[in-house]
Structure formats: C-alpha cells, structure tokens
Amino acid sequence: MRASDRAYAALRDDIVQWRLQPGALLAEVEQAERLGVSRTPLREALGRLTAEGLTTAAGGRGVVVTGISLADIDELFELRETLEGKAAALAAERGAPETFRTLEAEFRAAPLLITGPAPALQDYYLLVDRLDSAVDAAISNSYLAQAMRSLRVHLVRIRRLAADDAARLTAAAAEHAAIAEAIAIGNPRLAQAATTLHLHRSLSHIKATHPSR
C-alpha cells in the first residue's frame, strides 16, 4: 500500500470513529510522525479527505476535521432518502430473493446482538454493512452504488451520535428486516417505503437526542 493510501485510510478511520473529533487540527508534522509517513503523502491524504468533506482548510491554521451540525444531518438525510430509496426499489426488481431472505432472518434475530446476555454491537453493525453491500450488488448500477458508498462515510460518523441506544437499535433492526423482506418478495414500492420510514425514524431519533448540535 502506498504511503498516501495508508495515511488516508488511518486518518479516515480515526475521523469516522471519532478518535479525531470535529474541529481537531491535523498538523502536518505531528500527523506525519504519528502515521510514519513523510509530509508529501500526508498532504495527498488530507487532500482526499477534504474532497470527501471530512476535513476542511481553516484559514492559516491548516486543516481541521469538519463538524456535523443538525443542518448537515438534514441535508445528508435528504440525499440519503433519494439514493437509498431508489436503490431499495431497484434491489427489489433485480436482487436475488434468497440473499435478502437470509438477511431478513438475521435482522429478526438481531435483538440478541443488541440486548442479549452478551451484546455484540459490532456484529450488528457488520450485519447492517452486509445489507448495504447486498443492495449495492443487486442494483447493478455502479454510479448509484458509488454515490451511496461516498455518503456512508458521513453516515457512520452520524451513527455515533445515537450513542448505541439499545431501544433505537432494536427498532432499527426491525426496520432493516422489513426492508430486506420487501426486497426479497420483489416489491419495489414497499422496499422504498420501508426505507423511507427507517430513515425518518433514524433522523427523528438523532434530533431528539442531540437537539443542540
């Protein structure tokens, strides 16, 4: 892996997982030393992150991690509803039913991952990622899939605002199961409606939990 790719991947993960907080200054010398790269590949990595909207230039201070406001979240969810609703409808038309039947069953059992005797939230999030990947594969539209992958970078950051709320995650699992079921039975309108409902409830939860952001 090239040095710039390594630096990009490490910084991107730190930002998405909130190890680098919004507003954090990414000083070139400090970050280059931390990541074990020279300043040239670090600058390349920072340029890619800025193009994705994860960092921004801050006048003479350098580059900082971008913040997330409720206005930002509203805009992201507007785009998300458009992209993910269409993708779910296409997946219902083009996807393999057995793939989504399996995912539906796993989401029905997902509360055990969230509130069971030994909660495994990371396994639940991996299940959500698998649904995303299954939809991407089913739609047979590389442009739409790429647009959604770019959007999900920011959505993972937003997910942290929900603070792993067990009640919300349990409800979300049922909503994901309904999406997978609608795709499995080949009903585009139902798949799109189930996706819209899930996004509406997710946004409402974030706003109720973080009214001041």
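Residues numbered from 1 in each chain as written. Predicted model: local features only at pLDDT ≥ 70, side-chain atom pairs only at ≥ 80, totals over all residues. Heavy atoms only, no water.

Participant: Whenever I open this one, the side chain of Thr 66 confuses me. Can you help?
Facilitator: By the element assignment, Thr 66 lies in the loop between strand 2 (63-65) and helix 4 (70-94). When its relative accessible area of 14% is taken as the criterion, Thr 66 is described as buried. At 2.9 Å, the side chain of Thr 66 forms a polar contact with the backbone oxygen of Gly 53. In contact with Thr 66, not counting residues within four places along its chain, are Pro 22, Gly 53, Leu 54, Thr 55, Thr 56 and Arg 157. (Helix = DSSP H or I, 4+ residues; strand = E, 2+ residues; numbered from the N terminus. Buried < 20%, exposed > 50% of the residue type's maximum accessible area, 1.4 Å probe, protein only. Polar contact = N/O pair within 3.5 Å; in protein donor to acceptor, adjacent residues only side chain to side chain. Contact = heavy atoms within 4.5 Å.)

Participant: Teacher, can you tell me more about the confidence of the model for the protein here?
Facilitator: Do not read the fine detail of predicted coordinates wherever pLDDT is low. The predicted model of the protein has a mean per-residue pLDDT of 91, with 97% of residues at 70 or higher. Taken element by element, the predicted model of the protein shows its lowest mean pLDDT in helix 8 (residues 142-159) (88) and its highest in helix 5 (residues 97-108) (98). (pLDDT = per-residue confidence, 0-100.)

Participant: In this structure, what is going on with the pattern of salt bridges? I would like to understand it.
Facilitator: Opposite charge on two side chains permits them to pair, given that their charged atoms come into close proximity. In this structure the tally under the stated criterion is 19 salt bridges. Note that Arg 12 and Glu 52 form a salt bridge whose closest N and O atoms lie 3.9 Å from each other. Of this pair, Arg 12 sits in helix 1 (residues 3-16) while Glu 52 sits in the loop between helix 3 (39-51) and strand 1 (55-57), and the two are 40 residues apart along the sequence. Residue classification places Arg 12 among the partly exposed positions, given a relative accessible area of 28%. Where salt bridges share partners, they join Asp 13, Asp 14, Arg 19 and Arg 34 into one cluster. (Salt bridge = Lys/Arg side-chain N within 4 Å of Asp/Glu carboxyl O.)

Participant: What is the right way to look at the packing of aromatic side chains in this model?
Facilitator: Both the distance between ring centres and the angle between the ring planes are used here to describe each pair of aromatic rings. This model, assessed by the stated rule, comprises 2 aromatic pairs. Note on Phe 107 and Tyr 124: the rings are 6.3 Å apart at their centroids and 85° apart in plane angle, and the pair reads as edge-to-face. Separated by 17 residues along the polypeptide, Phe 107 in helix 5 and Tyr 124 in helix 7 (residues 121-139) bring together distant segments of the chain. No difference in accessibility class separates Phe 107 from Tyr 124, as the two residues are buried. Summarising the aromatic geometry, the rings of Tyr 124 and Tyr 125 are spaced 5.8 Å apart at their centres and angled 55° between planes, so their arrangement reads as tilted. Among the aromatic residues, ring-to-ring pairing joins Phe 107, Tyr 124 and Tyr 125 into one connected group. In this structure, Arg 48 packs its charged tip against the face of Tyr 8, placed 3.7 Å from the ring centre. When the ring centre of Trp 18 is taken as origin, the NZ or CZ atom of Arg 157, which lies over that ring, is 5.8 Å away. (Phe/Tyr/Trp six-rings, centres within 6.5 Å; stacked < 30°, edge-to-face > 60°. Lys NZ or Arg CZ within 6 Å of the ring centre and 35° of its normal.)

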